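Listed below are the residues making up each chain.
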Amino acid sequence: KKVGEVKECYNTAVTTAAANHRERRKFLRTALKELVLICSDQPGLLGPKALFVFMGLCFSRDEIYWLLRHNENPPPRQGKVKLQEDLVDRYLPELLFHMEELRSLVRKYSQVIQRYYVQYLAGYDAVALAQMIQNTAVTSEEDNVLLSSICQKISELSVDNVEDPDHVFDFLGLRLDWGRLQSYLSSGKNPVLAQQKDLAALLNTVSFHTRMVDNLDEMIIETSDLSLFCFYSKFFEDNFQMCLEFPAQNRFIIAFPLICGHFSNITNELCPEERIHIRERSLSVINLFLDEMSKEAKNIITTVCDEQCTLSDRLLPKHCAPMIAQVVNKKKRDKTPKKLEFEKPGWESYRKTREDLTTMDKLHMALTELCYAINYCATISVWEYTFA
């Protein structure tokens, strides 16, 4: 019976999972785009909405990892289900780009987030925790000391600390105290935390708020690190090439070189020999991507110049000869001469509707999008190297 249920679940997953994840990525693209627009317009919202920013990054990362793993090892095809089509996402660069935009916004306005949470910890969390400690019956004096030290630590915070360049926030000890307190209050025959759920919820919130102050970079890495692409190089490079050939996604192509900067996060102290290979891999891939982008821009500019030369050539006197010959010969033998229509210079500028794109329009659009990507950031840092 269980085997039958597992098979049924497997068949359902194979049939529907790819389409469901495709729709999720579609939703996340729009959601992250709106989040970027709102936060860049009103950076002050990054404080109260930080949790939503990290949730969006986390959901997007999970969807990208799902696509990455399943594209590398697709399930066997069943019937008419076109799995492979759903495992190739032409719009993936847009999602990657919006993730990078959010990451850069969080880094750029880190002080805004710190100010908000320092005020939140001192103005609300400390007061609420002090009231809760008075109403909570803890089992030992040691637990009381831990709770009091946490409360005292966050109540001493001030906005001046954020503005002081020499001040370094460090709440690691506070979070370790909360970990010890959990183990003390959860053990024994009468676990206090099971009865004091409000206290546990508040201290968990305090722990998150402290991470927003002293551990923002780690939070960014934890929620949106895409260093796994290092081990899926074929998929990574194929998507880059697909983006390069798809004009609608050209402006998001800069996300691929930026992701090469994530590769240093996947190294491990227990495996130091990997560092050299991962470092070389990062540098070779970003060099390849930047070269391909510059070559594509060069090719488009060359094609535009060729088109402009052709248009200029049509203004030469030699192209007037057929038109003069037609005027001279119109009174000759045939009373109703056949009208030969000549395309005059400048004719390409006339159009019935703006939706009809000419070759030049397409080339200019492709060049504009690619230039936007190339100029998106002045420098890209990968390991100890800076690409400008």
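Counting of residues starts from 1 at the beginning of each chain's written sequence and follows it residue by residue. Selection of residues for local features in this predicted model requires a pLDDT of at least 70, selection of side-chain atom pairs for listing and counting requires 80 or more, and totals for whole chains, interfaces and linings are taken over all residues. Excluded from the side-chain calculations are hydrogens and water; all other atoms, namely the structure's heavy atoms, are used.

Q: Please provide a residue-by-residue account of the environment of A194, values included.
A: Helix and strand assignments follow DSSP, with helices taken as H or I runs no shorter than four residues and strands as E runs no shorter than two, numbered in order from the N terminus. Here A194 shows up in helix α9 (residues 192–195). The sequence separation of A194 and D356 amounts to 162 residues, and the corresponding C-alpha distance is 68 Å.

Q: Explain the pattern of salt bridges to me, and be specific about the residues and the numbers.
A: Salt bridges are identified by distance alone: a Lys or Arg side-chain nitrogen within 4 Å of an Asp or Glu carboxyl oxygen. One pass over the full model with this rule turns up 13 salt bridges. The partner of E163 in a salt bridge is R115, and the shortest N-O contact between them spans 2.5 Å. Residue E163 is found in helix α7 (residues 159–163), and its partner R115 is found in helix α5 (residues 110–135); the two are separated by 48 residues along the sequence. According to the relative accessible area criterion, E163 is partly exposed, its value standing at 47%. In this scheme, a residue with accessible area under 20% of its type's maximum is buried, one over 50% is exposed, and one in between is partly exposed, where area comes from a 1.4 Å probe on protein chains only. Residue classification places R115 among the partly exposed residues on the basis of a relative accessible area of 31%. D238 is the partner of K234 in a salt bridge, and the nearest nitrogen-oxygen pair spans 2.9 Å. Of the two residues, K234 and D238 both sit in helix α12 (residues 233–244), four residues apart, roughly one turn of that helix. Its relative accessible area of 60% is what places K234 among the exposed residues. Note on D238: relative accessible area 37%, which makes it partly exposed.

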